[in-house]
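Below are the chains, spelled out letter by letter.
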Amino acid sequence: MPVAAALAAISCGGTGSRTAAGTDYSVYVDQYIGTGDHGHVFMGANVPFGLVQLGPTQITHGWDWCSGYHYSDSTIMGFGHMHLSGTGIGDLGDISFMPVVGQVRTTKGTLPDPESGLYSFFSHDNERFRPGYYSVLLDRFGIRVELTATQRAGMHRYTFPASADSRVVIDLSHGIGWDTPVETYIVQESDTRISGYRYSTGWARDQKIYFTAEFSKPMKDFTVSDGLEPRPGTSLTSVNTYGQAIFDTDDGEQLYIKVGLSPVSIDNAKANLNAEIGDWDFDRVSDEALAAWNEQFAKIKVEGGTETDKRVFYTAMYHAMVAPSVFSDLNGDYSGADSRIYNDPSFVNHTTLSLWDTYRAAHPLMTIIHPERVPDIGRTFLNIFAQQGKLPVWHLVGNETDCMIGNPGIPVLADMVLKGFDVPMDEALHAMVTSAMLDERGLGLLKEYGYIPFDKDPEHETVAKGLEYALADWSLAQVAAKAGNEQVYDYFLDRSKSYRHYFDKNSGFMRGVSSTGQFREPFNPFRSSHRVDDYTEGNAWQYTWLVPHDVHGLVDLFESEEAFVTKLDSLFVVEGDMGEEASPDISGLIGQYAHGNEPSHQVIYMYPYVGQQWKTARLSREILTTLYHDQPAGLSGNEDVGQMSSWYILSALGFYQVEPAGGKYIFGSPLFERAEVNVGDGRIFEIIAHDNSPANIYIQSAKLNGREYTRSYIDYADIVAGGMLEFQMGPEPSSFGSAPEDRP
């Protein structure tokens, strides 16, 4: 067991594998995984899909600190109540609390001198964590910090040394990454309560979060300052507001703080806090957080594999449930995409929708193991559409960031409709059609030319945009077909074939095309210039395969099926210079296949479409066992809000959804000997891989519910109906799924 996992187990109740509620899967969760290299994952205490992610924020800013924490760093400047996990842009870090001893400078400080600001050094040896709990020792002050959380509230337990000047600094100034405060407010309401808000701008342009905090003992004093400048009184509105709650403490005395959040009001923050935490029993809250995680982990029970496999698997489940985040109060209030306040207790509003990433695996996984949450996500989408005039692209704390390309909200919403979730089909179809017919982000050019010419779009990335729009259009067309709207179906099915315009038969690559139909010259399929060429975080080798909605149509663009296979085989062996301007997201390379970035995630699952399922088996097992591991650098790329981990979870089960909507899951190579998947309403889908081993990675034959099963894919309806899928595994490639009638 890695040191982190061992310490986490020791600090949180021993190493036993069972709790009062059943199996304790948390012993397999190592939150250090992904905190190194470029994983960008959150470290701290939270519950599944919670608004609150309460954890440390370090003083360093930069791409590898998008979550506020990186394993290489040894500083902490505060414990913010909101963090991102696995993004390429930094934001949040809001409502930061920092316990200190003595007077400190109310600024984050600079290295290497902690006296220059708030921060303290710490050691990983003194960190402890488990899902829903985080603890660390602040070396500078000798204070042990413990944190836990509910969906809308956080709870702190600080163990102080003896001091007549113990303090808790409430920092409303600092955020993470792009975040900049606009207006911040704090007020002391009593000797045990403070409240306030933080308005900021950054990646989310109009961010508002309200809070209230209750202390377990009376403050002997409370002071406020505007940055480094003290201000009179016990309330302050400014850009850079700080408050300091001051106490006398005995050696080893524990101070408790309960903090409620709301995107709507201070009163709602109080109501959320009172309902979700109530008393001062920190251990109860922590245990309930752990139970909430174990309830979710238990939705997939795996047997076999190695201990490392299980650590990676259940940590992946943890990472896949940090977001989407709840973004409404217990009374149904929420802040809409138009910044207006709405009330609708009939659903739970969500945010942190990284859809360009998550439409590929995270949402298809959610439809299997979190079906109870899907209708709320669908209602969130439709409300966002009503409030901003289009479906979400990348929504953060109620703001449309328009980050990344395409119309990724369309395949997610279409997938819900096609799988039969309680999402109104006519309303969804209207939202999709309206979003797809706008003139923004290259769509106007697509309507005019039938593709997006590189010489007409000043924002670049035309090939990537065009391919993403094509798969969204196909998804929309499938919903139109289900709704019986032939006119909409025909139009968008035709538009979904626009990918053909970018394909150069001579080179066998997707290439930028001018308004006169000429391919861009010069052309080098290896070269990449981050966000300023024809591709998005990739090159021609990687983007030629982004046609998940029409794999057979893509095959037809090549001279033959054999030519397609030869080209696809080459992807995993060719090497070339991407250039100094290449995107750092191009990582996790096998040849030019880049597992560290999402546009490649469906590629290995294309082989079954041409009758070579065994190649998918070989590559999926290679990726599962070499590009994921249980160390801080255990992710081969940015976590991307659960997508990297969701790919792992689905692939470890033995399948992956390639088509962006509808539920056709293509077989790979199951990692475990047995998996029981709780698909809801008491139904269990069991996957058994007979004779599975590191050598026996190839499917020889299959059975579904005891009957011979020859197809190289399975439908969503068969998964969620419950039952048993059995694979017979072996050491050599087989002809399983190769017959034309057995291919997806």
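Residues numbered from 1 in each chain as written. Predicted model: local features only at pLDDT ≥ 70, side-chain atom pairs only at ≥ 80, totals over all residues. Heavy atoms only, no water.

**Things to note about the overall build of the protein chain**
Scanning the protein chain from terminus to terminus reveals 18 helices and 41 strands. Taken against the 2.2 N^0.38 rule, which gives 27 Å for 744 residues, the C-alpha radius of gyration of the protein chain at 26 Å falls within 12% of a compact globule. Taken along the three principal axes of its C-alpha coordinates, the protein chain extends 80 × 55 × 50 Å. Counting every position in the protein chain, which comprises 744 residues, the buried fraction comes to 65%. Put simply, of all contacts in the protein chain between residues at least 6 apart along the chain, 69% involve residues at least 24 apart. On the protein chain, roughly 24,100 Å² of surface is accessible, and the fraction owed to carbon and sulfur atoms is 48%. (Helix = DSSP H or I, 4+ residues; strand = E, 2+ residues; numbered from the N terminus. Rg over C-alpha atoms; globule rule 2.2 N^0.38 Å. Buried < 20%, exposed > 50% of the residue type's maximum accessible area, 1.4 Å probe, protein only. Contact = heavy atoms within 4.5 Å. Areas by Shrake-Rupley, 256 points an atom, 1.4 Å probe, with all protein chains shown as cover.)

**Remarks on unusual backbone geometry**
Of note, the bond from Leu111 into Pro112 is cis; its omega dihedral lies within 30 degrees of zero at 5°. The step from Ala323 to Pro324 runs through a cis peptide bond, and the omega angle for that step is 5°. Considering the arrangement of structural elements, one finds Pro324 in the loop between helix H4 (307-319) and strand E23 (325-326). In this model, His40 sits at a positive phi of 60°, which is unusual for a non-glycine residue. Note on His40: relative accessible area 1%, which makes it buried.

**Observations regarding empty space enclosed by the protein**
Enumeration over the complete set of coordinates arrives at eight cavities of 30 Å³ or more. Considered as a void within the structure, the largest cavity measures approximately 110 Å³ in volume. Along the wall of the largest cavity there are 17 residues; nearest its centre are Ala320, Ala323, Ala362, Met366 and Ser646. Taken together, the elements giving at least two residues each to the lining of the largest cavity come down to helix H6 (362-369) and helix H17 (643-653). A total of five residues in the lining of the largest cavity trace back to one element, the largest contributor, which is H6. Across the lining of the largest cavity, the residue classes tally to 12 nonpolar, five polar and no charged. Put simply, the second largest cavity is a space of about 90 Å³. If you go around the second largest cavity, you meet 13 residues; those closest to its centre are Tyr359, Arg360, Pro548, Gln602 and Val658. (1 Å grid on protein atoms, 1.4 Å probe; cavity = no way out; pocket = protein on both sides within 12 Å on 5 of 7 lines; lining within 4 Å. Points joined across faces, edges and corners; volume = space filled by probe spheres on them. Nonpolar A, V, L, I, M, F, W, Y, C, P; charged D, E, K, R; others polar.)

**Description of the confidence of the model for the protein chain**
Of the residues in the protein chain, 97% have a pLDDT of 70 or more, and the chain-wide mean is 96. This model gives residues 1-20 a pLDDT under 50, and the stretch forms 32 contacts once residues within four places in sequence are excluded. (pLDDT = per-residue confidence, 0-100.)

**Let's talk about helix H15 (residues 561-571)**
Residues Phe564, Val565, Lys567, Leu568 and Leu571 constitute the buried set of H15. With its buried residues spanning 165° around the axis, H15 presents them on a single face. (Arc of directions from axis to C-beta.)

**As for helix H11 (residues 462-483)**
Counted at 1.5 Å a residue, the expected span for H11 with its 22 residues is 32 Å, and the 31 Å between its end C-alpha atoms agrees. Judged by how many residues are buried, H11 sits mostly within the fold: 18 of 22 residues are covered. (Expected span 1.5 Å × (residues − 1).)

**Topic: the environment of Asp630**
Relative to the helices and strands, Asp630 resides in the loop between helix H16 (613-626) and H17. For Asp630, a relative accessible area of 9% translates into the label buried. The spacing of Asp630 and Gly553 is 77 residues in sequence and 39 Å in space, taken between C-alpha atoms. Reaching out from Asp630, the side chain makes a polar contact with the side chain of Arg311 at a distance of 2.8 Å. Side chain to side chain, Asp630 and Gln631 meet in a polar contact 3.5 Å long. (Polar contact = N/O pair within 3.5 Å; in protein donor to acceptor, adjacent residues only side chain to side chain.)

**Description of the environment of Asp338**
Mapped onto the fold, Asp338 is located in the loop between strand E24 (333-335) and strand E25 (341-343). Judged by its relative accessible area of 25%, Asp338 falls in the partly exposed class. Residues Asp338 and Leu635, spaced 297 residues apart in sequence, show a C-alpha to C-alpha distance of 36 Å.

**Some points on the sheet that holds strand E15 (residues 193-201)**
Read from one edge to the other, the open sheet built from nine strands follows the order E9-E10-E11-E12-E21-E16-E15-E14-E19, with strand pairing classed as antiparallel. The open sheet has two edge strands, strand E9 (128-130) and strand E19 (235-238), and neither has a second partner. Averaged over all pairs of adjacent strands, the angle between strand axes in this sheet comes to 15°, irrespective of strand direction. By the bridge criterion, eight bridges tie E15 to strand E16 (residues 207-215) in an arrangement that is antiparallel. Residue Gly196 lies in a different strand from E16, and its bridge partner there is Phe211. In this fold helix H3 (residues 282-297) packs onto E9, strand E10 (133-138), strand E11 (143-149), strand E12 (153-159) and strand E21 (254-262), with an angle of close to 50° to the strand it touches most, E11. (Pairing = 2+ DSSP bridges. Axes fitted to C-alpha atoms, helices over the stretch in contact; angles between N-to-C directions.)

**Concerning the side chain of Arg130**
Tracing the backbone shows Arg130 in strand E9. For Arg130, the side chain forms a polar contact with the side chain of Ser286, separated by 3.0 Å.

**Looking at the packing of aromatic side chains**
Under the defined criterion, the tally for this structure stands at 45 aromatic pairs. Aromatic side chains Phe313 and Phe672 sit 5.4 Å apart centroid to centroid with 80° between the ring planes, which places their arrangement in the edge-to-face category. Here Phe313 is found in helix H4, whereas its partner Phe672 is found in the loop between strand E35 (664-667) and strand E36 (674-680), with 359 residues between them in sequence. Overall, the relative accessible area of 3% leaves Phe672 in the buried class. (Phe/Tyr/Trp six-rings, centres within 6.5 Å; stacked < 30°, edge-to-face > 60°.)

**Focus on the pattern of salt bridges**
If you walk through the whole model with that rule in mind, you get 43 salt bridges. In this structure, Glu115 engages Arg140 in a salt bridge whose closest nitrogen and oxygen atoms are separated by 3.6 Å. Linking Glu115 in the loop between strand E7 (96-101) and strand E8 (120-121) with Arg140 in the loop between E10 and E11, this pair joins segments that are 25 residues apart in sequence. For Glu115, a relative accessible area of 54% puts it in the exposed group. Since its relative accessible area comes to 24%, Arg140 is described here as partly exposed. Between Arg193 and Glu214 there is a salt bridge, with the nearest N and O atoms lying 2.7 Å from each other. Here the residue Arg193 occupies a position in strand E15, and Glu214 occupies one in strand E16, the gap between them amounting to 21 residues. Taken together, the salt bridges that share partners define one network made up of Glu189, Arg193, Glu214, Lys258 and Lys270. (Salt bridge = Lys/Arg side-chain N within 4 Å of Asp/Glu carboxyl O.)

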